[in-house]
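The residues making up each chain are set out below.
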Amino acid sequence: MSKTITIDGNEIPFAEGQTIMDAAMAAKIYIPHLCHNPEFKPHGSCKLCTVRANGRAVSACTMPAGEGMVIENKTGELDDERRAIVQMLFVEGNHLCPTCEKSGNCQLQAVAYCLDMMSPHYNHFYPPREVDASHPDVFLDRNRCILCELCVRASRDVDGKNVFGLSGRGIGSRLVVNSASGRLGDSTFAVTDRAAQVCPTGAILIKRQGFSVPIGSRIYDHKPICQVETEGKSGGEHE
Amino acid sequence: MEPCEFPHIEEQLGPILGRHGGDATRLLQILREVQDCFHFIPPEAVSCLASHLNLSRAEVEGVAGFYSFLSLTPRGEYRVLFSDNITDNMLGKAELMQYFCNKLWVEPGKVSEDNLVSVDSTSCTGMCDQGPAALVNGWPLTSLDNNRLDLVAELIRIRKPVAEWPEMLFEVRDNIRRPGMLLGEAFEPGAGIRATLARGAEATLKEVDASNLRGRGGAGFKTASKWSFCHAAIAEEEGSMICDVGGHPERFIVCNADEGEPGTFKDRVLLSSHADLVFEGMTVGARVVGARKGFLYLRGEYRYLLKPLEAVLERRRAAGLLGENILGEAGFVFDIEIHLGAGAYICGEESALIESLEGKRGRPRNRPPFPVTRGYLGRPTVVDNVETFACAARIAEKGGAWFAAMGTAQSTGTKILSISGDCARPGIYEYPFGVTVEEILRDCGTEDAHAVQVSGPSGTLVSWQEFGRRIAFEDLPTAGAFMVFHRQREMFAAAHNFAHFFAHESCGFCTPCRVGTQLQKRIMDKIAGGHGTPADLEELKQLGHILGTMSHCGLGHTAANPVLDTLKKFPGTFERKLKALSFEPAFDLDGALATARSITGRDDEWAHLL
Ligand SMILES: Cc1cc2nc3c(=O)[nH]c(=O)nc-3n(C[C@H](O)[C@H](O)[C@H](O)COP(=O)(O)O)c2cc1C
Ligand code: SF4
Ligand code: SF4
Ligand code: FES
Ligand code: FES
């Protein structure tokens, strides 16, 4: 007998050790997420995947599924709360989508559309953030960094390089690079690293590839992220 | 390559690294020493530590950038940090800090041109009963006034080493006003351990269970349950049990002395005058759960207690109360090590505390697993508050029934309160649980109390209409803070101060807390500046909801409490500050010109947009 959980009334199976997110992904149920990528250790920081499990708000990407759990996912209240989270991510950084190379392939943008975000709602912080163009093949634009630490995890756990890390605290948290100068160009980072491919936004961009796929033909231009994800395509990455 | 300012860093750091045995879990302790030595963490030191500790440079920079008392850019040779709790402010902190800055020709937040001094604010230093307080290079200055600051400024000007400053500047009083069974009754070191050995570990756990002791750090979890979960847990690695040198499953006992909640200072007094009780409780806990190693995580603000506490540990070792074969019991091995924090409220949260003990950024972990199953280095770990261990020592000595006879049914024993603010006799009061706010106010000498912030900003704001309520888990749970406000106080100012506190202390890991506490702070600033509208109050409620439900840990969950409580219980204090309009842009045109004004040195009518 396999164990099951119920998400919005649908009973789905799960295996021991799976999180709510794992079970949902296997069953092709979309739970909005940004810091989660099934290839890497769950992190639990963006809080977009918040669901109510037996009435309690939990992060789906880190909470182990438990026999008989009743989960609310697609509810008006949760989507309102998730929209607020996405709005927070927009205003704390500097996201000018019309000028961004990632537009159309960007998960932050796609999730904002999917949650019907019509405005940033909050006042922009306009933080001064550093752009690092020192690497021959890759741009690092911290203006678009949402601190999801996917690049940190990929570089540490897959590339075995530890190129990235976080420093600072609170709103001062920032992505730092592992080199004496702090610049990407002086680190061991290579364009072939897994970490070069995992950024959900346009914070890590590969040089000389700009607009090779034209706007209008990009991953989320025709299908919303909820559909792309449940059709089994891992979105938002450079092809 | 940029020119290297510290070409001899290897030799300079050698002794520090040597003292800590090149152990990466000691990184925070090492960084504290580097900060003391250089008044910041030079980039060369980051590289050097990374290579010696086998960490990436980014990891070391990550830790150095997380803690308020560490700095990646140079600070003054003398770093003076004024405690910014609301109680310090009620005693004139802002004016004193300005006075001091003027005297030394330095701007708050900046370093003086000769690199001699920097002055800034810091979160509550735990001296609320003898404020306004400050730290100079980490050492506490109390009861500040203009005269004392004149002296401090003079000592700095003549570059007298802090170690040679007059002792009276650093005097910290206990101010125990109402002792009870913890603070008042004599305790013979060893009595609790002896009784534990006599009745056995299992029977002692039963006594703790019968006492119904609940954690004193705020959450009120039943201590016996925590201890028995930990005792039952075994850490495994690749299928085999992780053992200590004695061949037993490895477990740890951690005493949480981070005491960062503004307005709380009772652990400080327990540690300065009743440390034996605390260490004894840890040792009893170690016997019950089967731990050989314990840590005391002492907040950086209390570094002045480090030496005296180490002396107590040394004395206990000499008396056979710590170390090998404790009190002659073969195989009973336990010792305690003290780790210092470095200015981060979040490190009071138990899983962030464990991260910090491991030498990392103080980021709360995902749970499950809980520390009792996977804590320090992934081993089962008990984290308890200072006062909880003190209670446990008494229970071990005198039994569970004796303890359970005090207090109320759900809240047994006594609770130590740290009282500050508008009262005649601020200090430490120990009451049996169940005491009413009214009785406490009478005892500490208040005339026209209007509100009390119980358990600090993360707790509950109690208005004068509720003074009949009781201190107890079933009514007003508290970690100990009790800040009194009289009728003339503007309650908005307290909520505003607390909003700044949370924004400053958010660890930044999760979106709702990192951004939400900032947004809350900015709206409170807008209202304080006279630009608030009714729409902003709605926004505050909405933010409170997001913080309370979506955040990763208790910091975010409670960060809107003071604002929401004040909105509910003292709506007038907000409304008096509002503009009549329903909308007012947050962007302050005139404010945006401030930088230009300061560059051009102008402040005339035409330099303003009004
Ligand atoms: C933001 C935050 C700060 C905390 N600070 C402290 C603290 O300074 N001291 C403390 O004992 N517990 C603190 N706690 C509670 C601890 O996480 C933990 O519950 C407590 O140490 C357990 O000990 P107890 O069971 O003896 O209360 C804090 C919790 C949070 C969420
Ligand atoms: S990273 Fe995404 S959200 Fe940010 S500017 Fe680029 S497209 Fe827009
Ligand atoms: S650079 Fe991209 S992947 Fe890395 S933390 Fe920022 S948003 Fe995440
Ligand atoms: S996806 Fe779960 S917290 Fe980010
Ligand atoms: S838990 Fe630290 S920012 Fe949310």
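Residues numbered from 1 in each chain as written. Chains lettered and ligands numbered in written order. Predicted model: local features only at pLDDT ≥ 70, side-chain atom pairs only at ≥ 80, totals over all residues. Heavy atoms only, no water.

Engineer: Explain the overall build of chain A residue by residue, including any values.
Structural biologist: Counting secondary structure elements, chain A contains six helices and 10 strands. In terms of overall dimensions, chain A is globule-like: its C-alpha atoms have a radius of gyration of 18 Å, near the 18 Å expected for 239 residues. Taken along the three principal axes of its C-alpha coordinates, chain A extends 55 × 40 × 35 Å. Out of the 239 residues in chain A, the part that is buried amounts to 57%. Taking the contacts inside chain A whose residues are at least 6 apart along the sequence as the reference set, 62% of them involve residues at least 24 apart. (Helix = DSSP H or I, 4+ residues; strand = E, 2+ residues; numbered from the N terminus. Rg over C-alpha atoms; globule rule 2.2 N^0.38 Å. Buried < 20%, exposed > 50% of the residue type's maximum accessible area, 1.4 Å probe, protein only. Contact = heavy atoms within 4.5 Å.)

Engineer: Requested: an account of the overall build of chain B, with residues and values cited.
Structural biologist: Tallying secondary structure elements over chain B gives 25 helices and 16 strands in all. Against the 2.2 N^0.38 benchmark of 25 Å for 610 residues, chain B shows a C-alpha radius of gyration of 25 Å, consistent with a compact globule. In terms of overall dimensions, chain B has a C-alpha envelope of 85 × 65 × 50 Å along the principal axes. Relative to its full complement of 610 residues, chain B shows a buried share of 59%. About 23,600 Å² of surface is accessible on chain B, with carbon and sulfur atoms providing 52% of the total. (Areas by Shrake-Rupley, 256 points an atom, 1.4 Å probe, with all protein chains shown as cover.)

Engineer: Report on a nonpolar patch on the surface, specifying residues and quantitative values.
Structural biologist: Taken together, B:L589, B:L593 and B:L609 make up a surface patch of nonpolar side chains, about 260 Å² in accessible area. Within the secondary structure, B:L593 sits in the loop between α24 (589–592) and α25 (594–600). (Patch = residues over 30% accessible without salt bridge, like charges linked within 9 Å, V, L, I, M, F, W, Y side chains within 5 Å. Salt bridge = Lys/Arg side-chain N within 4 Å of Asp/Glu carboxyl O.)

Engineer: Report on the interface of chain B and chain A, specifying residues and quantitative values.
Structural biologist: Counting residues at the interface gives 43 residues for chain B and 42 residues for chain A. For the chain B and chain A pair, buried surface summed over both sides reaches about 3,300 Å², with 56% attributable to carbon and sulfur atoms. The largest contributions to the chain B side of the interface with chain A come from B:T511, B:R514 and B:M550, which together make up 18% of the buried area. The interface formed by chain B and chain A contains three salt bridges. (Buried area = accessible area lost by both parts, 1.4 Å probe.)

Engineer: Pulling in residues and values, what's your account of the domain arrangement of chain B?
Structural biologist: Residues and elements named next belong to chain B. Domain annotation for chain B reports domain 1 (9–64), domain 2 (78–167), domain 3 (178–404) and domain 4 (414–489). Every contact between the two is made by six residues of domain 2 and, on the other side, 10 residues of domain 4. Summed over both sides, the interface of domain 2 with domain 4 buries roughly 540 Å², with 75% coming from carbon and sulfur. At the boundary of domain 2 with domain 4, the tally comes to zero salt bridges. Where domain 2 packs against domain 4, one counts zero residue pairs in polar contact (both at pLDDT 80 or more). Of the residues in the side of domain 2 that touches domain 4, the class split is three nonpolar, two polar and one charged. (Domains from an automatic or database assignment. Polar contact = N/O pair within 3.5 Å; in protein donor to acceptor, adjacent residues only side chain to side chain. Nonpolar A, V, L, I, M, F, W, Y, C, P; charged D, E, K, R; others polar.)

Engineer: Tell me about the site of ligand 2, and please be specific about residues and values.
Structural biologist: Residues in close proximity to ligand 2 include A:F90, A:H95, A:L96, A:C97, A:C100, A:S103, A:C106, A:L108, A:R144, A:T201 and A:G202, which together make up its full environment. Split by residue class, the shell around ligand 2 holds six nonpolar, four polar and one charged. (Near = heavy atom within 4 Å.)

Engineer: How would you sum up the site of ligand 3? Please name residues and give values.
Structural biologist: The immediate surroundings of ligand 3 are formed by A:C145, A:I146, A:L147, A:C148, A:E149, A:C151, A:L175, A:C199, A:P200, A:A203 and A:I204. Its residues assigned to classes, the shell around ligand 3 shows 10 nonpolar, no polar and one charged.

Engineer: I'd like a description of the domain arrangement of chain A, backed by residues and values.
Structural biologist: By convention, interface size is frequently given as the accessible area that disappears when the constituent parts associate. All names here are of chain A. What the domain assignment reports for chain A is domain 1 (3–74) and domain 2 (82–231). Relative to domain 2, the C-alpha centre of domain 1 lies at a distance of 24 Å. Each partner contributes to the roughly 1,900 Å² buried at the junction of domain 1 and domain 2, and carbon and sulfur atoms together form 60% of this total. The largest per-residue losses of area from domain 1 upon contact with domain 2 belong to Y30, L34 and F40, which jointly make up 39% of the total buried on that side. Between R194 and E39 there is a salt bridge, and its shortest N-O distance comes to 2.6 Å. At the surface where domain 1 touches domain 2, the tally comes to eight residue pairs in polar contact (both at pLDDT 80 or more). Considering only residue class, the side of domain 1 that touches domain 2 consists of 12 nonpolar, six polar and four charged.

Engineer: Could you give me a rundown of the packing of aromatic side chains, with the residues and numbers involved?
Structural biologist: Residue and element names in this part refer to chain B. Under the defined criterion, the tally for this structure stands at 17 aromatic pairs over all chains. Their ring planes at 65° and their centres at 5.8 Å tell us that F82 and F100 sit as a pair that is edge-to-face. On the criterion of sequence distance, the pair formed by F82 in strand β1 (residues 78–83) and F100 in helix α6 (residues 93–104) is long-range, its members being 18 residues apart. Across the pair, F100 and F82 agree in class, each one buried. Centre to centre, the rings of F252 and Y376 are 4.9 Å apart; their planes meet at 85°, and the pair counts as edge-to-face. With a gap of 124 residues between them, F252 in strand β8 (residues 252–257) and Y376 in the loop between α14 (350–357) and β11 (381–385) connect regions that are remote in the sequence. (Phe/Tyr/Trp six-rings, centres within 6.5 Å; stacked < 30°, edge-to-face > 60°.)

Engineer: Break down the sheet that holds strand β10 (residues 335–340) of chain B for me, citing the residues and quoting the values.
Structural biologist: Residue and element names in this part refer to chain B. The strand order across the open sheet built from four strands is β10-β9-β8-β11, with neighbouring strands paired in parallel fashion. Bordering the open sheet on either side are β10 and β11, each of which pairs with just one other strand. Each neighbouring strand pair of the sheet contributes to a mean axis angle of 20°, computed without reference to strand direction. Where β8 meets strand β9 (residues 293–298), six bridges bridge the pair, whose relative direction is parallel. Looking at β9, one finds that F252 is bridged to K293. Contacts between helix α13 (residues 306–318) and the sheet are confined to β9 and β10, with β10 contributing the most and set at about 175° to the helix. (Pairing = 2+ DSSP bridges. Axes fitted to C-alpha atoms, helices over the stretch in contact; angles between N-to-C directions.)

Engineer: Summarise the packing of helix α3 (residues 43–53) of chain B against helix α4 (residues 57–64) of chain B; cite the residues concerned and give the values.
Structural biologist: Residue and element names in this part refer to chain B. The interhelical angle for the contact between α3 and α4, taken along N-to-C directions, is 125°, at an axis separation of 8 Å. It follows that α3 is oblique to α4 by the angle criterion. Between α3 and α4 lies a crossing of right-handed hand. Facing α3, whose interface residues are P43, V46, S47, L49 and A50, α4 presents R57, V60 and E61. For the contact of α3 with α4, the per-class residue count stands at five nonpolar, one polar and two charged. (Parallel < 35°, antiparallel > 145°, perpendicular 65-115°, else oblique. Left-handed = near helix turned anticlockwise from the far one by under 90°.)

Engineer: Explain the nonpolar core residue by residue, including any values.
Structural biologist: Membership of the largest hydrophobic core comes to 66 residues, with the highest contact counts inside it found for A:V86, A:F164, B:L540 and B:F574. Element by element, the count of residues in this core is highest for helix α2 (residues 76–92) of chain A, at seven residues. Shared between two domains, this core takes at least three residues from each, and those domains are domain 1 (3–74) and domain 2 (82–231) of chain A. Each residue touching B:F574, except ones within four places of it in the same chain, is listed here: B:F492, B:M524, B:I527, B:L537, B:L540, B:V563, B:T566 and B:L567. B:L270, B:Y302, B:L322 and B:C391 belong to the second largest nonpolar core, which has 62 residues in total. (Core = buried A, V, L, I, M, F, W, Y, C linked by side-chain atoms within 4.5 Å.)

Engineer: Residue-level account of the pattern of salt bridges, with values.
Structural biologist: According to the stated counting rule, one finds 56 salt bridges over all chains in the structure shown. In this structure, B:E505 engages A:R169 in a salt bridge whose closest nitrogen and oxygen atoms are separated by 3.1 Å. Remark: A:R169 occurs in the loop between β8 (164–167) and β9 (174–177) and B:E505 occurs in helix α18 (residues 491–505); the pair is interchain, linking two chains. Take B:E505 and A:R169: they sit in the same class, and that class is buried. Between B:E358 and B:K360 there is a salt bridge, with the nearest N and O atoms lying 2.7 Å from each other. For B:K360, a relative accessible area of 37% corresponds to the partly exposed category. Salt bridges sharing partners connect three or more residues here, namely B:K266, B:D267, B:E387 and B:K415.

Engineer: Give a detailed account of the state of the cysteines, specifying residues and quantitative values.
Structural biologist: Across all of its chains, the model carries zero disulfides over all chains by this definition. With no disulfide of its own, B:C255 lies 12 Å from the sulfur of B:C391, the closest cysteine sulfur. (Disulfide = S-S within 2.5 Å.)

Engineer: Hey, could you go over α3(B) for me, with residue numbers and the actual values?
Structural biologist: All names here are of chain B. All of the buried residues along α3 are E44, A45, V46, C48, L49, A50 and L53. Where α3 is buried, its residues contact α1 (9–19), α2 (27–38) and α4. Following α3 by one or two positions, N54 has its phi on the positive side, about 60°.

Engineer: Outline the packing of helix α19 (residues 511–528) of chain B against helix α20 (residues 534–550) of chain B, listing residues and values.
Structural biologist: All names here are of chain B. Two elements in contact, α19 and α20, have axes separated by 10 Å at closest approach and are oriented at 160°. For the element pair α19 / α20, the angle class is roughly antiparallel. With respect to the hand of their crossing, α19 and α20 are arranged in left-handed fashion. Residue-level contacts link P512, C513, G516, T517, L519, Q520, I523, M524, K526 and I527 of α19 to D536, L537, E539, L540, L543, I546, L547 and M550 of α20. A class-by-class count of the residues in the contact of α19 with α20 yields 12 nonpolar, three polar and three charged.

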